[in-house]
Each structure stands twice: as C-alpha cells, then as structure tokens.
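As a plain string of letters, each chain reads:
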Amino acid sequence: NAGVTQTPKFRILKIGQSMTLQCAQDMNHNYMYWYRQDPGMGLKLIYYSVGAGITDKGEVPNGYNVSRSTTEDFPLRLELAAPSQTSVYFCASSYQQNTDTQYFGPGTRLTVL
Amino acid sequence: QQPVQSPQAVILREGEDAVINCSSSKALYSVHWYRQKHGEAPVFLMILLKGGEQKGHEKISASFNEKKQQSSLYLTASQLSYSGTYFCGTEIGWGADGLTFGKGTHLIIQP
C-alpha cells in the first residue's frame, strides 16, 4: 500500500493564481482531512470528508474548496491565491472519525508571492 | 478551542525522561498524540479515549484525566530518535469536527 500520497511536493504561486492540491489514499478509508501548518505552529483543519460526496468545513475553510467524488481522492482547490495561504498542506485519512489513527501524507509546501 | 501544550520546548540527555502535557478548556472525548520530525509528516503515537481505552505505541505511555481535561505523554529512557515536535489533538465529542491540535512541544535529545 502506498498509504496517503500528495502532489505536488512543492509549488510557488503568484497572487491571484489558482491551483489544485491532489490527495489520494489506497486504504479504503472513508474519512479524509486537509490541514495546513504554518511555521512553528500546529495543524489547522481546513475541510474534511466522511465519505464520497460528503464534505464539511473545518476551522479555516475560507479561500479553499474541496470535492470528494471517489473514496480514494480528496483534492483541495485554492482560488485566487493570497500570501496568507503560504503554508505546508497535509492530507490525512482514517478508518473511523474519532477513535482511529489519522495517516498523513508527506505534505505540499506552497509559497504564494 | 485550541488545547494548550506545555512545556513549549525541552532539551534532554539520552536516557532521561520527559513529560509533555496537553490541557483543554472544554470536556474532551479523546486525545490523540503525534510526533513530527522536521520536514516530515506527523506520525501517530497514541489515542486516549474517554472511559480509559488507549491505542498506540508500546514504548510510549500516556494518561488522560477526563475531570481535569488534561492528558500527559510520558517518554521514558529517551532515545535520540525521540527528537521532534509532539502535538496533541483533541476531540470534544463523537461526530465532532475533526481534531484540534495544540501548537506543539519541541523535544531535543542530546547524546
């Protein structure tokens, strides 16, 4: 199993550009999450999904959108990138929501200039 | 509400013990502990559930005081590989909106 994979690993965007961060898992997990981690800080939940077709906002959803058309994939879309979105983005998945390990992908380091 | 971790940082010699604390202003359903090394993804260590159930790493122990809304992670006979940043993530109830993470505790183990 590859676990949780994320692409790209690094990306530099100009202000106002858009991009999609890809996340995929091959563990047949229903629950998937997107977090952002700013330097020296903990992780903050952006969006999460409890299954294909179902998504919900986390703590910091503004400026982002998600979709979940399949169990495996959970892309995160940035529209009109801003410098405040410079961060490391982690995707994670779990079998159950509250009582189970969250498996994290390797992260995408995004810089908005 | 973000949980508060203490200490913010600690430096130990190899073989010494450490305790990392996580406290919340809200009643907790579960506490999750993760370790992150620089430039890497967080890695699961342990889950502590309301009612006493624990799941996790056999060489790391932790406690969960539901009344005090606190959890502590105990690292005994620390090894160089224990270095990293430790995060607690908390949930306030079943079906709640995912984990809320603390700011982390930086642990440095010196030979």
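Residues numbered from 1 in each chain as written. Chains lettered and ligands numbered in written order. Predicted model: local features only at pLDDT ≥ 70, side-chain atom pairs only at ≥ 80, totals over all residues. Heavy atoms only, no water.

Draft legend 1. Representation of unusual backbone geometry within the structure. The step from Thr7(A) to Pro8(A) runs through a cis peptide bond, and the omega angle for that step is -5°. Cis geometry is adopted by the peptide bond preceding Pro7(B), which originates at Ser6(B) and carries an omega value of -5°. You can see Pro7(B) is positioned in the loop between strand E1 (4-6) and strand E2 (9-13). Phi at Asn28(A) is positive, roughly 60°, even though this residue is not glycine. Tracing the backbone through its elements, the reader meets Asn28(A) in the loop between strand E3 (19-25) and strand E4 (31-37). What makes Asn28(A) exposed here is its relative accessible area of 56%. A positive phi angle is found at Gln69(B), which is not glycine, with a value near 55°. Mapped onto the elements of the fold, Gln69(B) is located in the loop between strand E7 (61-65) and strand E8 (70-75). (Helix = DSSP H or I, 4+ residues; strand = E, 2+ residues; numbered from the N terminus. Buried < 20%, exposed > 50% of the residue type's maximum accessible area, 1.4 Å probe, protein only.)

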